[in-house]
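# Structure at a glance
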Amino acid sequence: MQYISTRGGMQPQPFSETLLEGLAPDGGLAVPEQLPQVDAETLERWRALTYPQLAAEVLGLFATDIPREDLARMTDAAYADFPGAVVPLREIDGGLTLVGLSEGPTLAFKDMAMQFLGQVLEYTLEKKGSVLNILGATSGDTGSAAEHALRGKDRVSVFMLSPQGRMSRFQRAQMFSLQDANVHNIAVEGVFDDCQNLVKQLAGDLDFKRTQHLGAVNSINLARITAQTVYYFWAWLRATDTTGPQAVSFTVPSGNFGNILSGYFAKGMGLPIRRLVLAANENNVLDEFFRTGVYRPRSAAQTLATSSPSMDISKASNLERFIFDLVDRDPVGVVGAWADLDAQGYFDFSAEQPRFESEFGIVSGTSTHADRLATIRAVYEATGELIDPHTADGVKVAREYVEDGVPMLVLETAKPEKFAETIQEAVGVEVAYSDELQQMLDAPQRVVEMADDEAALRAFIEENALH
Ligand SMILES: *Cc1c(COP(=O)(O)O)cnc(C)c1O
């Protein structure tokens, strides 16, 4: 299996070569030359597998350059830290089923892919005899998932910038309580955009990037997208049986279009998915796109800070991989769309919009702060269960698309403990922390405070990076 660029300017590469970048040299995104296909017989055979075993099977279709027994060892290690079931399914009211993707160390779905990425990065670096220093900016979930996946590794270190005083107490504790020597938390005097600009400046200095072995594990990383396809297969296998209904629908709380893209890949591989329902919050550029065919990204200043903060995005970096299929995989069409966007601030596929549902199965909806609170309350009253604000956006939009005879699976992308203030506002209940979480909140913290200053960051990396 080889990978090509959505903009046509990359020699086909094997899976291992796409790990560090995701971004192709021509500015496009890496995609499989064609999606691997899974037939009904194979699906039936997969029913008996554990989650790590299933992950090795599915990822083996993408990572054909890695021996299967090595993959199996890595998927075992990746999901070993999950205290209970890796991906539990549970029913809530209104015929919906939640797919629990937040059982990992940071209580959000980013662990699902990042834990595997940590394994496969260390593995490929060992083969090459090289090292990698991950440089990233985070406003919360991605940074902590990366740090927990990479802590204690020999060949990878992490430099994670976050805006000083702008993360929740819980998010700070999740990152800053790590004492591992290869994890460097840097609290920058500024907002998230300042952090991201610092990363862009250093990563854009190709000489510095090369001498300091800098890399990224952001949401366009293809290994993350492929690792996320696994739980769509897992959930389908649990929600159906050999006699029951075959097609199911998924609702996906969405920001950068990474999670739902994995579902779209799974559908393209032959998994019987009827609909993929995209749930947005108030920052609903993607809902607008799927309803009208017009994509008009917003500026950072137009992006609202909401109570489902991990979905507060104004540009969906993975959308290009969907556009590539929409233009029948013709790079000229992709480049043309971005040229339109540069020239006029939007691109327009309204003529193709009916295909979004008929051909690709994607529909969408928006949930607001009031919807989120009402949904958390309604689920709590009906079932006694607390759901997090992002999952609540999913549940709200899922209810608009429930169909008779088609199971509706909603991806639970975080645990309520992470967003205690919103839960309190919705139901007036204090979220109880486990002993383990309480210990983490009380643990000593390790963080370097820094001015918004490129020279200072450069010096810090030169001194602390693996070489
Ligand atoms: C990252 C995140 C999302 C959005 O996922 P995308 O892949 O960016 O669409 C939704 N919910 C939570 C809790 C997240 O951390």
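Scope of this entry: the structure provided in the associated data block. (Residues numbered from 1 in each chain as written. Predicted model: local features only at pLDDT ≥ 70, side-chain atom pairs only at ≥ 80, totals over all residues. Heavy atoms only, no water.)

## A look at the overall build of the protein chain
In plain terms, the rule: Secondary structure is summarised from DSSP: a helix means a run of H or I of at least four residues, a strand means a run of E of at least two, and numbering begins at the N terminus for each. When we talk radius of gyration, it's over C-alpha atoms, and the globule rule is simply 2.2 Å times the number of residues to the 0.38. The buried label applies to any residue whose accessible area, calculated with a 1.4 Å probe on protein chains only, is under 20% of its type's maximum; exposed applies above 50%, and partly exposed to all values in between. Every residue pair with non-hydrogen atoms within 4.5 Å of one another is taken to be in contact. Areas reported here follow the Shrake-Rupley algorithm with a probe of radius 1.4 Å; residue values treat only the protein chains shown as occluding. Only four residue types enter the charge count: Lys and Arg as positive, Asp and Glu as negative, with His and the chain ends excluded. Note that the charge is assigned to NZ on lysines, CZ on arginines, CG on aspartates and CD on glutamates.
Across its full length, the protein chain holds 20 helices and 15 strands. In terms of overall dimensions, the protein chain is globule-like: its C-alpha atoms have a radius of gyration of 21 Å, near the 23 Å expected for 467 residues. Put simply, the protein chain has 467 residues, and 57% of those count as buried. Contacts in the protein chain between residues far apart in sequence, at least 24 positions, make up 75% of those at least 6 positions apart. Counting every atom, the protein chain has about 18,000 Å² of accessible surface; 49% of that belongs to carbon and sulfur. For the protein chain, the separation between the mean place of its 38 positive charges and that of its 65 negative charges on side chains is 1 Å.

## With respect to the pattern of salt bridges
Selection rule: For this analysis, a salt bridge means a side-chain nitrogen from Lys or Arg found within 4 Å of a carboxyl oxygen belonging to Asp or Glu.
For the coordinates displayed, the defined rule picks out 26 salt bridges. Across the pair Glu403 and Arg275 runs a salt bridge, and its minimum N-O distance is 3.7 Å. Here the residue Glu403 occupies a position in the loop between α17 (389-399) and β14 (408-412), and Arg275 occupies one in strand β10 (residues 273-280), the gap between them amounting to 128 residues. Residue classification places Glu403 among the partly exposed positions, given a relative accessible area of 22%. The closest approach of N and O atoms between Asp393 and Arg372, which form a salt bridge, is 2.8 Å. With a gap of 21 residues between them, Asp393 in helix α17 and Arg372 in helix α16 (residues 369-383) connect regions that are remote in the sequence. In this pair, the class of Asp393 matches that of Arg372, namely buried. Linked by salt bridges that have partners in common, Arg274, Arg275, Glu357 and Glu403 make up one network.

## Considering the packing of helix α6 (residues 141-150) against helix α7 (residues 169-176)
Here is the rule: To define axes, lines are fitted to C-alpha atoms, for helices over the stretch in contact only, and angles between the resulting N-to-C directions are given on a 0 to 180 degree scale. Here the word oblique covers every angle except those under 35 degrees (roughly parallel), over 145 (roughly antiparallel) and from 65 to 115 (roughly perpendicular). For any pair of crossing helices, the crossing counts as left-handed if the nearer helix is rotated counterclockwise from the farther one by less than a right angle, and right-handed if it is rotated clockwise. Polar here means any residue outside two lists: the nonpolar Ala, Val, Leu, Ile, Met, Phe, Trp, Tyr, Cys and Pro, and the charged Asp, Glu, Lys and Arg; Gly therefore counts as polar.
The geometry of α6 relative to α7 is characterised by a closest axis approach of 9 Å and an angle of 25° between their N-to-C directions. Regarding the angle of α6 to α7, the classification is roughly parallel. Considering how the two elements wind past one another, α6 and α7 form a crossing that is left-handed. On the side of α6, the interface is formed by Asp141, Gly143, Ser144, Glu147 and His148, while α7 contributes Gln171, Gln174 and Met175. For the contact of α6 with α7, the residue count by class is 1 nonpolar, 5 polar and 2 charged.

## A short note on the sheet that holds strand β8 (residues 214-215)
The line we're drawing: Strands qualify as paired when DSSP identifies two bridges or more between them.
In space, the 5 strands of this open sheet follow the order β8-β5-β6-β7-β15, with parallel pairing throughout. For this open sheet the edge positions go to β8 and β15 (448-450), each flanked by a neighbour on one side alone. Two strands pair when backbone bridges link them, and strand β7 (residues 183-188) and β15 are joined in this way by 3 bridges, in the parallel orientation. Each residue of the ladder has a partner; that of Ile186, found in β15, is Val448. The strands that α6 touches are β5 (132-137), β6 (156-163) and β7; relative to β6, the one it contacts most, it runs at about 160°.

## Side note on helix α5 (residues 110-128)
As a reminder of what qualifies: A helix is expected to reach a length of 1.5 Å times the quantity of its residues less one.
When the terminal C-alpha atoms of α5 are compared, their 27 Å separation across 19 residues agrees well with the 27 Å that a helix rising 1.5 Å per residue should span. Judged by how many residues are buried, α5 sits mostly within the fold: 16 of 19 residues are covered. Gly129 sits one or two positions beyond α5 and adopts a positive phi of about 65°.

## Here's the deal with the pairing of strand β9 (residues 248-253)
Here is the rule: A crossover gets the label right-handed when its path from the first strand over the helix to the second runs clockwise, viewed with the strands pointing away from the viewer.
Of all 6 residues in β9, 6 are buried; the element is thus mostly enclosed. Here β9 shows no split at all, with Val248, Phe250 and Val252 on one side and Ser249, Thr251 and Pro253 on the other all buried. Here β9 runs beside β10; their pairing, made up of 5 bridges, is parallel. Within β10, the position partnered with Thr251 by the bridge is Val277. Crossover connection from β9 via helix α11 (residues 258-268) to parallel β10: handedness right-handed. Sheet analysis places β9 next to β14, joined by 3 bridges and oriented parallel. Its bridge partner lying in β14, Thr251 is registered against Val410.

## Some details on the site of the ligand
Selection criterion: Residues are classed as near a molecule or strand on a simple rule: at least one heavy atom within 4 Å of it. Two N or O atoms count as a polar contact when they lie within 3.5 Å, although within protein this holds only if one can serve as hydrogen donor and the other as acceptor, and sequence-adjacent residues are included solely when both atoms are side-chain atoms.
Taken together, 15 residues lie near the ligand, and Lys110, Asp141, Gly255, Asn256 and Asn259 sit nearest. Asp141 places a polar side-chain atom, nitrogen or oxygen, 2.7 Å from an oxygen atom of the ligand. Between the ligand and Thr413 there is a distance of 3.0 Å, counted from a nitrogen atom to a side-chain nitrogen or oxygen. For the ligand, whose accessible area on its own is 380 Å², the fraction buried by protein is 96%. Considering only residue class, the shell around the ligand consists of 5 nonpolar, 8 polar and 2 charged.

## A word on the environment of Gly405
As for its placement among the helices and strands, Gly405 is situated in the loop between α17 and β14. Under the relative-accessibility criterion, Gly405 is labelled exposed at 61%. Each C-alpha atom of the pair Gly405 and Thr375 lies 23 Å from the other, and the pair is 30 residues apart in sequence.

## Notes on the sheet that holds β10
Here we have 6 strands laid out as an open sheet, ordered β3-β4-β14-β9-β10-β13, and mixed in their pairing. In the strand order of this sheet, the two ends are held by β3 (89-91) and β13 (362-366), each with one partner. Within this sheet the neighbouring strands show an average axis-to-axis angle of 25°, counted without direction. Across the sheet, α11 lies against β9, β10, β13 and β14, angled at about 170° from β10, the strand it touches most.

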